[in-house]
Amino acid sequence: MRYADGPGTVCEIFVQAPVERVWELVTDIDLPTRLSPELQRVAWLDGADGPAPGARFEGHNRREGLPDWRTVSEVTELTEPAGVTEPAEPAVSVDPTRPRAFAWAVMDADGCYGEPVSEPAGALARWRFDLTPEDGGTRLRQSVVIGPGRSGMSSIIDARPEIEEKVVDFRLDELRTAMTAALEGIKSLAEQGE
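Position numbers for residues start from 1 in each chain and track the written sequence from start to end. Two thresholds apply to this predicted model, a pLDDT of at least 70 for residue-level local features and 80 or more for giving and counting side-chain atom pairs, whereas whole-chain, interface and lining totals are computed over all residues. As a rule here, side-chain values cover all heavy atoms of the structure and leave hydrogens and water aside.

On a plain count of helices and strands, the chain comes out with four helices and nine strands. The size measure is the radius of gyration over C-alpha atoms, and the globule rule it meets is 2.2 Å times the number of residues to the 0.38 power. At 18 Å, the chain has a C-alpha radius of gyration in line with the 16 Å of a compact globule built from 194 residues. By its C-alpha atoms, the chain is 65 × 35 × 30 Å across when sized along the principal axes. Exposure categories follow from relative accessible area, calculated using a 1.4 Å probe and restricted to protein chains: below 20% of the type maximum is buried, above 50% is exposed, and the middle band is partly exposed. The proportion of buried residues among the 194 residues of the chain is 41%. Helix and strand definitions follow DSSP, with helices as H or I runs of at least four residues and strands as E runs of at least two, each counted in order from the N terminus.

This paragraph deals with the nonpolar core. One finds V22, F129 and L140 to be the most contacted residues of the largest nonpolar core, which totals 41 residues. A total of nine residues in this core trace back to one element, the largest contributor, which is helix α4 (residues 164-192). Discounting chain neighbours no more than four positions away, the residues touching F129 are V26, R100, A101, F102, W104, L140, R141, Q142, L183 and I186. As used here, the term nonpolar core means buried Ala, Val, Leu, Ile, Met, Phe, Trp, Tyr and Cys residues forming a set that is joined through side-chain atoms within 4.5 Å. Formed by five residues, the second largest nonpolar core is a distinct cluster that contains V72, M107, V117 and A123. Contacts between residues were defined by any pair of non-hydrogen atoms, one from each residue, lying within 4.5 Å.

The subject of this paragraph is the environment of G147. With respect to the element layout, G147 can be found in the loop between β9 (137-146) and α3 (152-159). The exposure class of G147 is buried, given its relative accessible area of 1%. Among residues more than four places away in sequence, those in contact with G147 are Y3, A123, L124, A125 and R126.

For every residue, the predictor states its confidence as a pLDDT score lying anywhere from 0 to 100. Summary statistics for the chain give a mean pLDDT of 90 and a share of 91% for residues scoring 70 or more. Element-level mean pLDDT values for the chain span from 41 in strand β5 (residues 83-85) up to 98 in strand β1 (residues 8-15). Note that residues 82-93 has pLDDT below 50 and, in this model, twelve contacts with residues that lie over four places away or in other chains.

What follows concerns the layout of surface pockets. Site definitions follow a grid-based scheme: protein atoms alone, a 1 Å grid, a 1.4 Å probe that fits but cannot get out for cavities, and for pockets an open set with protein on both sides within 12 Å along at least five of seven lines, plus lining residues having an atom within 4 Å of a point. Grid points are joined across faces, edges and corners, and a volume is the space filled by probe spheres set on the points. In this structure, the largest pocket spans a volume of roughly 1,300 Å³. As for the largest pocket, its lining consists of 49 residues, of which E38, N61, W127, R171 and L175 are closest to the centre. The element best represented in the lining of the largest pocket is α4, accounting for nine residues. Each residue receives one of three labels: charged for Asp, Glu, Lys and Arg, nonpolar for Ala, Val, Leu, Ile, Met, Phe, Trp, Tyr, Cys and Pro, and polar for the others, Gly being one of them. A breakdown of the residues in the lining of the largest pocket according to their chemical character gives 33 nonpolar, nine polar and seven charged.

The next thing to look at is the packing of aromatic side chains. Ring pairs shown here join Phe, Tyr and Trp side chains whose ring centres sit within 6.5 Å, with only the six-membered ring taken for Trp; geometry is labelled stacked below 30 degrees between planes, edge-to-face above 60, and tilted in between. On inspection of all chains with the given rule, the structure shows three aromatic pairs. A centroid spacing of 5.9 Å and a plane angle of 40° characterise the contact between W104 and F129, whose relative ring orientation is tilted. Of the two residues, W104 is situated in strand β7 (residues 100-107) and F129 in strand β8 (residues 125-134); the sequence distance between them amounts to 25 residues. Taken together, the ring pairs in this structure connect F102, W104 and F129 into an aromatic cluster.

Each pair of strands is called paired provided DSSP finds at least two bridges between the two strands. Note: β7 against β8, seven bridges, orientation antiparallel. Bridge pairing in β8 links A101 to D130. Relative to β9, β8 runs antiparallel, the two sharing ten bridges. The residue bridging L131 from the neighbouring strand is L140, located in β9. In sequence, β8 turns back onto β9 through a hairpin of two residues, with D135 there showing a positive phi of about 50°.

Further remarks concern the pattern of salt bridges. Here a salt bridge means any side-chain nitrogen of Lys or Arg lying within 4 Å of a carboxyl oxygen belonging to Asp or Glu. As enumerated under the stated definition, the model contains 19 salt bridges in all. The salt bridge partner of R171 is E38, with a shortest N-O separation of 3.1 Å. Residue R171 is located in helix α4, and its partner E38 is located in the loop between α2 (31-35) and β2 (39-44); the two are separated by 133 residues in the primary sequence. On the accessibility criterion, E38 (17% relative accessible area) is buried. The salt bridge involving R160 is made with E162; its shortest N-O contact spans 2.7 Å. Residue R160 is classed as partly exposed on the basis of its relative accessible area, which comes to 43%.

Next up, the structure:
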C-alpha cells in the first residue's frame, strides 16, 4: 500500500468492565504516555481541560535515532450517549447501551516534515477509539489512518520511492504492536479498577 492511499490499521480487545470505565481511560490524554513508547508527555492547549470537539492538545514524542518532535492534535469526534432524564429523577443518566467514539487528528504544527499544518485536513495521522457495550463489558477498538500530511516516513519515501510499500508496511506493523500493547494496558487498568 502506498502512503497516498491512506493506509491504516485496527486493533480491538474485549474489556470486562463497563463502557463508562473504559471511556474514562481512553479520553484521558495523559494515559498514553504510560502506555506508548513514543509519546512522552501531553497537555491541553488554548484553555481546554478535557476532550470536546475542536479542543486541541500537544504531544511531545521521542523515538530512538530521531530528534524529539511535537505534534498538535484536534479532537474531531466525541460521541457520548445522549443523557436520558427520567421524570421521577431530576438527575440525568447516561444510556450505557449506546456506542461511544473519541477521535482526533494529529498535525505537524511545527513543520518538522514539511510545511506546518494546523488543520485536520492535513493531518499526519487520524486516531480513533470506538467503544461498544458487549456481554456486560466493552468491545474496545482502536484505529489509525496515516496521512495525508507528511510524516516521518515521507523523507524516507522521497529518497527511496521503490521501497515505499515496505516503509508503510513496517510502520503499520509498529503501530499494530504499540496499539495492541496500549489496548492490553487499558484492559488491565479497567478490569483492575485503577
